[in-house]
Structures are given as structure tokens and as C-alpha cells.
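Chain and residue survey
Spelled out, the chains give:
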Amino acid sequence: MVSFPCCIQTPDSLTPSLPSHFLSMSTFSAKPTNVITSLHNHHKSIFSFPTCLPSLSKLQKASPVVAFNGARLQHKRRRTNPQTTLPTLPTSTFLQMGSQETSSETPFLVKSTGSESASTSSASQTVVGVLHLVVSLGIILAMDKFLKKAFVAASIKFPSALFGMFCIFSVLVILDSTVPAVATSLMNFFEPALLFIQRWLPLFYVPSLVVLPLSVKSIPAASGIKICFIIVGGWLVTLAVAGYTAIAVRRMVKTEMTDAEPMGKPSPFSNVEVWSWSGIFLISFVGALLSPTALGTSARTCLPFLLSSTVLGYIVGSGLPSDVKKVFHPIICCALSADLAAFAFGYFSKSGLDPVLGSYLTKVSSNPGAGDVLMGFLGSVILSFAFSMFKQRKLVKRHAAEIFTSVILSTIFSLYSTALVGRLVGLEPGLTVSILPRCITVALALSIVSLFEGTNPSLTAAVVVVTGLVGANFVQATLDKLQFRDPIARGIATASSAHGLGTAALSAKEPEALPFCAIAYALNGIFGSLLCSIPAVRQSLLAVVG
């Protein structure tokens, strides 16, 4: 098959002009020299070789399509001299050497083949992506589990996930200074797991809010009101302290703002996910009603429909209009959905609400509930902080003065002010100690209260979640009222006072504040844990509580 350039000058009804991509195609099976010579000798006025190849920029608009040897060619009309115009040639016999059926089927076959290959490629990419997520997330979960067992065996009270986070961050920093390509490869490898954690982060806070009716049942109403006062007032004052500290330090150091490293965004929820979780809920709910111990225990049997109801509530809440989410955060919708499912099951099974909620969060590794599964990811959240901090290491180094000073002061203020206000309002010492880490993320807050005796971990988790909800709903309006314009001040103030939920709410509308939120979010919990792990600090806090 040999290609040769030629252009055919014919009357207006027949003036083919080959496009540029056709000039390089092998489409003629006949010998070009014989064809050109015979045609040129027979119709010298029709075929003109020197002028038949205009510039490629003029060969743009296509007109009638004519099949030439089974290939579809596009022709362009051009005016010819009327004096040299010959009678119209029979195009159906002169240029249409291939069959019309062949020419019409060719693009169809190409299109079909392309569609099939594209779908196959998409399916293979999906499978590879799922495997990548499972492996990367599995490694983080396995690392967290191994560290927990090792710390328990060694009777170490320091949070194991926090130690793991320091180890991961140190390894990444060392690799970045010695073999940068390896550090980059590790970051890319764990990216799917980090996006998964970021996408479902609010779910890991929900279990404590779902079982809140059980947690507060033993708390007197007067004490509950005092706790609410401490939560709301403490959040507002902590936010102001962190924000004003960041502004003051920033004015002193006068460091110019630079762009942060781009943060990956998780994918939105799809209809397939909604229908899949809905199907799991219906099937498992009916199955649990028919056989309450089908999976061995009531907690395991209730796990599928309670977990799916929690996930569905979060998906639905995330899809609400932004105006609605200002007063009705997705995590509230999430907790209500799980509570409604528990209430419905307790009603139809005639077992009551409390036993179902007890099955939601058992805190027994051999008999886990839906809440235990979700809270099992809290350690991986702490480990993921190492990757976030490494990604923003340049930003941390550049604005270290503002970030560390604000986080340290706000953390100290939050712990000691909570202890002091609890004593002033006459809150029971055990309850006051339980709510000390109200501004620290759940995973580390639970580790902190475990260092004290006589605490209520369920109350701790619930107070942390409620603090986050208050911040998520009102943080933006409060920052505007306090005239915090600097993204550093806004990010640090939000994360220091409302941890993960406040961070998620602010960063959704102000992406420029997300890096500072993420850094302060991690450092706040880290410094609080380090501070409370010191015996002298614990004793001083207990002395303030009274």
C-alpha cells in the first residue's frame, strides 16, 4: 500500500481536496505512477499537480463525503474558471471505487472497538485502584494494631498511635534528605488511604454521639447544663486566644504568605454507594429481626444494619444544601440516622432502645459492634497526620513561630481553663477531668483521659464531638465577627478550638486555610498528649480541679 499526494480539480460539484492527515495514509492499492500518468494524459485540464496542494491552513472546511477505495474522504468546494470547466463527471463510477457499505461500516467498527477497549481499560483501572486502596489502608491499620499490642504488652501509657506518627514522619524526613524519590513514592503509595480517611473522617467521631443517651443517663441535669456551658464558652474563648496569638506573633515575625502544597480532595459520593448501602441496610435489618443471633451475638448481627444506617446518614447529610448544613451538620444527620435505626429495631424486636445502643458500641474486641468498627480507624487517623505534616513541612518551617506558639498557648489554656471553670461552677471532679481534653481530637482525647483515674471515656468522646459540632456550625461567622482575616489565624483558631469537625467545615469554604487547619489539628492533639503524659502536669491539673 503506497500513498501519493494528488488533488483533483473538477467543477463545483466535484472538487476533492485531501486533508492533511490523509496525505500520510496508505490508501491506494494501485500503482501510483500508472494512475497519475494515465489520468494526467487523458484530462490535462482537470488534473493540475503544481497547484493542487494549497497550504494546509486552507484545508479546513469539509463538504460532501466520497468513498475512495473503501475510505471516506472529505472534499472541499473551490471555484474554478468557467472557461475551463468540463462537464460533470459521474462521481459514482469515477471516484467511488470501493463499495458504499464498506465505507459506512469502517468508522462504525473503529468506534465500537474504541468503546470496548476504553471500557476494558476503565474496568482494569478501577480494579487496580481498589487493590491499591486496600493494600495501603491495610498497612496503616496493621501498623496501628501492632503498636497498640506492643504498648499494652510493655505497659506503656503513652498513645501508641502518636508514637507511630512520629516514627513515620521521621522516616519520611530522613528519606527526603537522602533519597527524595523514595519519600515521594511512599507518599504516592499511601495517597489512596489518606484520601479514604479524609473522606470518611466525620464517621469516626459518630459512635460516641450515637450512644450519647447512654453516656449522659447517669449525669444529673444540673451537671449537664454546666458541661454545656463549659463546651460553648470554652470553645469561643479558646478560638479567640488561638487566633489573637497567631495574629500577634505574625505581626512580630512579619513572614510573607506563600502558597501551600495542594491537598488532595476525596471523590464525592455516588448513587451506586447510596443504593449499595441501602440494600445492605434492608437485608441485614430484616435478617436481624428474623434471627437476632444469626451471626453469633446480637452485636454482630446488628452490626451490618447499624453500620449501613450510619453511613447512609452521613451520605445524605453531606448532600444537604449548604444553608441547611450550617445549622444541621452532616454528623448530626449521621447520628440521628443510626439512632432511628436502633429505635426501629428495638421497637419491632420489642427489646428496647438501650440494648441496641449497647450493641452499637460494646468496647469488646471479641464482640465488636458498628461503633467499634468505626472507632477502630481513630488510630489510623493519627498515623495519617504524619503524611499531612510531611506534605506541608515547608509551610510548617516557614510559619513555625505562628503555628507552634499559637498551638502551645491555646492547648495549655484549654486544659487549665476547663479545670478552673469546672471548679468554679461546682462540677463534680470526675466529670471535670473527663471533659479536660474537649478541644483535642477524639483519638487522642481518649488516650489522655486514660491517664487519669475515675473518668468517663464515653462522656469525653461525646463532649469532644459536641465541641466540634459547635465549631463546625458557627466558626466562620465567629471568625468574621472577631475580624480574623489572615488564613493562618483562621486555620489555627479553628483547629485549636474545634479540631477535625471545625477543620472540615472551614476548609470546605476556605481551601487556603486547610493546610494551617491540618497542621494545628495534628499539633494540638500531639502537644496535649505530650503535656498530659508528664506526671507533674497531671498533678497540677488535678489540683486545679480540686
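Refer to the structure above for everything that follows.
In short, a report on the structure. (Residues numbered from 1 in each chain as written. Predicted model: local features only at pLDDT ≥ 70, side-chain atom pairs only at ≥ 80, totals over all residues. Heavy atoms only, no water.)

1. Considerations on the overall build of the protein
Scanning the protein from terminus to terminus reveals 23 helices and two strands. Counting only residues that meet the buried cut, the protein has 44% of its 546 residues in that class. Partitioning the intrachain contacts of the protein with sequence separation of at least 6 by distance along the chain shows that 76% fall at a separation of at least 24. (Helix = DSSP H or I, 4+ residues; strand = E, 2+ residues; numbered from the N terminus. Buried < 20%, exposed > 50% of the residue type's maximum accessible area, 1.4 Å probe, protein only. Contact = heavy atoms within 4.5 Å.)

2. Some details on the nonpolar core
Counting 110 residues, the largest nonpolar core has L203, F204 and Y360 as its most contacted members. Ranked by the residues each element gives to this core, the list is headed by helix α22 (residues 514–532), at ten residues. I219, I227, L427 and L431 belong to the second-largest nonpolar core, a separate cluster that totals nine residues. (Core = buried A, V, L, I, M, F, W, Y, C linked by side-chain atoms within 4.5 Å.)

3. Details of the pattern of salt bridges
Counted by the stated rule, this structure contains seven salt bridges. Linking R199 and E273 is a salt bridge whose minimum nitrogen-to-oxygen distance equals 3.0 Å. Here R199 is found in helix α5 (residues 180–200), whereas its partner E273 is found in helix α9 (residues 271–290), with 74 residues between them in sequence. Considered together, R199 and E273 belong to a single accessibility category, that of buried residues. In this structure, R250 and E402 form a salt bridge, with 3.5 Å as the shortest nitrogen-oxygen distance. A residue pair is termed long-range when its members are at least 10 positions apart, and R250 in helix α8 (residues 221–253) and E402 in helix α17 (residues 400–424) qualify at 152 residues. What makes E402 buried here is its relative accessible area of 0%. Several salt bridges share partner residues, and in doing so they unite R250, E402 and D486 into one network. (Salt bridge = Lys/Arg side-chain N within 4 Å of Asp/Glu carboxyl O.)

4. Let's talk about a nonpolar patch on the surface
A contiguous nonpolar surface patch, about 460 Å² in accessible area, is contributed by L289, F343, Y347 and F348. Tallying contributions element by element places helix α12 (residues 330–349) first for the nonpolar patch, with three residues. Of note, F348 is situated in helix α12. In this structure F348 comes out as exposed when scored by relative accessible area, which is 54%. (Patch = residues over 30% accessible without salt bridge, like charges linked within 9 Å, V, L, I, M, F, W, Y side chains within 5 Å. Areas by Shrake-Rupley, 256 points an atom, 1.4 Å probe, with all protein chains shown as cover.)

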